[in-house]
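Residues per chain are reported as follows:
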Amino acid sequence: MHRLLGTAFQYAVEWGILVKSPVPVDSPKKSTQERTIWTVEEMRAALDSMEDPILHLAVHLTLVGALREGEIVGLTPEDLDFDAADGIGTFRINKSMQRVRKEALNQVDDGCIIKIFPDKLERSTTSLILKSTKTASSCRTIFMTSALKEELKKWLNQLAADEMKDPARYHDSGMLFRLPNGLAVEPVLIRKKFLKWQDAHPEFPRIVFHGLRHSSATYQLMISGGDVKAVQGTTGHATADMLVNTYAHIQQSSRVELGRKFEEGFYAKQESPSPQAVPAAGEPTISMTALLELLKDADPEVKAQLRLALLT
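Basis of the calculations
Throughout this description, residue numbers start from 1 for each chain and increase along the sequence as written. Local features in this predicted model are restricted to residues of pLDDT 70 or higher, and side-chain atom pairs are both shown and tallied only at a pLDDT of 80 or more, whereas totals for entire chains, interfaces and linings draw on every residue. Calculation of side-chain values draws on the structure's entire complement of heavy atoms; hydrogens and water are dropped beforehand. A run of H or I in DSSP becomes a helix once it reaches four residues, and a run of E becomes a strand once it reaches two; helices and strands are each numbered from the N terminus. Partly exposed residues are those whose accessible area sits between 20% and 50% of the maximum for their type, while under 20% is buried and over 50% is exposed, using a 1.4 Å probe and protein chains only. Here, residues are in contact when the closest pair of their heavy atoms is within 4.5 Å. Per-residue and other accessible areas were derived by the Shrake-Rupley procedure at a 1.4 Å probe size, with only the shown protein chains allowed to occlude residues. Simply put, an axis is a line fit to the C-alpha atoms, just over the touching stretch for a helix, and the angle between two N-to-C directions goes from 0 to 180 degrees. Whether a crossing is left-handed or right-handed is set by the direction in which the near helix is turned from the far one by less than a right angle, anticlockwise for left-handed and clockwise for right-handed. Residue type decides the class: Asp, Glu, Lys and Arg count as charged, Ala, Val, Leu, Ile, Met, Phe, Trp, Tyr, Cys and Pro as nonpolar, and the leftover types, Gly among them, as polar. Throughout this description, a polar contact denotes any pair of N or O atoms lying within 3.5 Å of each other; where both atoms belong to protein, one of them has to be capable of donating a hydrogen while the other can accept it, and for residues adjacent in sequence the pair is counted only when both atoms sit in side chains. By definition here, a salt bridge exists when the distance from a side-chain nitrogen of Lys or Arg to a carboxyl oxygen of Asp or Glu is within 4 Å.

K.L.:
I keep staring at the overall build of the protein chain and nothing clicks. Help me out?
P.N.:
Regarding its fold elements, the protein chain presents 12 helices and 6 strands. Expressed as a percentage of the 312 residues in the protein chain, the buried residues total 42%. Restricting to contacts in the protein chain with at least 6 residues of sequence separation, those with at least 24 account for 67%. Entry remark: accessible area of the protein chain is about 17700 Å², with carbon and sulfur atoms responsible for 55%.

Written out as structure tokens, the structure is:
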């Protein structure tokens, strides 16, 4: 921002519009705040304690796929494929839901807007929209776990049952996440449900909902032995700064293996040994020296997260 404004005002000085640039010569110091994340034990225990079906499914999807809030509620039933990847099952991330101001909506390229949902209130100044993802790397395919697959199947059956109760008053939004009346679930409702759950469970470290995405990404880095490209393919980061300084083609075989390890480790019982404690024979490993070399130019937030993960 400093570089952009500095350049703009410098041109204004050269063109005689201003006598002096109001932008300071020195840019502000960048400060980073270490984000709180959950351990695998905390993620598992929290998921087990969530009784709200909408919240449980949203959190489960986030922990498996490291999703963003808008990506969760942007899913449609057509994005699910239970038979893909030799029966493992996959779901596609290619849309995102967001509430925007109507005046801003008029200035957005219509090509990225997939759907504008009807207003719930008259004279509303905002609109709920379904739009394409921001970058090409955000479009990705996530591998299911058996537990997530079963939950998704039960959820689809519940959607059908809700519609059968009162078809005349059912408003089918076409989304995977729906209220009992068929209307779409907004990102803000997921956040509110998560905050309500946290208030009722103070025994868990307080985190924002987006912290679940960081918790999942950190755990997947640990169980993959530092396979940053496989994890990046799951998280859909547009740049490699969050995981590693270079971005290359993601091998699907590595990601299938990562999905297998996630399922074995995440749903393991408390007494089971931690999957990241001792690598099994033939598993990919990465030395501390190599890991530090990979991350020397990474974003400070990622360094902080990995430092916390290693300490954990």
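Having seen it, we continue.
K.L.:
Could you clarify how one ought to interpret the packing of helix H3 (residues 53-65) against helix H8 (residues 210-223) in this entry?
P.N.:
In the contact formed by H3 and H8, the axes pass within 7 Å of each other and the chain directions differ by 35 degrees. In this structure, the crossing between H3 and H8 has a hand that is right-handed. Contact residues: Val 59, Thr 62, Leu 63 and Val 64 in H3; Leu 212, Arg 213, Ser 216 and Gln 220 in H8. By residue class, the composition of the contact of H3 with H8 is 4 nonpolar, 3 polar and 1 charged.

K.L.:
Whenever I open this one, the environment of Asp 119 confuses me. Can you help?
P.N.:
By secondary structure assignment, the location of Asp 119 is in the loop between strand E4 (113-116) and strand E5 (126-132). For Asp 119, a relative accessible area of 37% translates into the label partly exposed. Those residues in contact with Asp 119 that sit more than four places away from it in its chain are Lys 102, Ser 124, Thr 126 and Ser 127. Among the polar contacts made by the side chain of Asp 119, one reaches the side chain of Lys 102 at a distance of 2.5 Å.

K.L.:
Any chance you could explain the pattern of salt bridges here in plain terms?
P.N.:
Oppositely charged side chains can pair when the atoms bearing their charge come close. For the structure shown, the criterion picks out 15 salt bridges. The partner of Arg 92 in a salt bridge is Asp 79, with the nearest N and O atoms 3.5 Å apart. With Arg 92 in strand E2 (residues 90-93) and Asp 79 in the loop between helix H4 (69-73) and strand E1 (80-81), this pair connects stretches of sequence that are 13 residues apart. On the basis of relative accessibility, which here comes to 38%, the residue Arg 92 falls in the partly exposed class. Taking relative accessible area as the criterion, Asp 79 reaches 3% and is therefore assigned buried. As a salt-bridge pair, Arg 260 and Glu 264 come within 2.6 Å of each other at their nearest N and O atoms. Of the two residues, Arg 260 and Glu 264 are both situated in helix H10 (residues 252-266); the distance of 4 residues between them amounts to about one turn of the helix. Linked by salt bridges that have partners in common, Arg 68, Glu 71 and Arg 140 make up one network.

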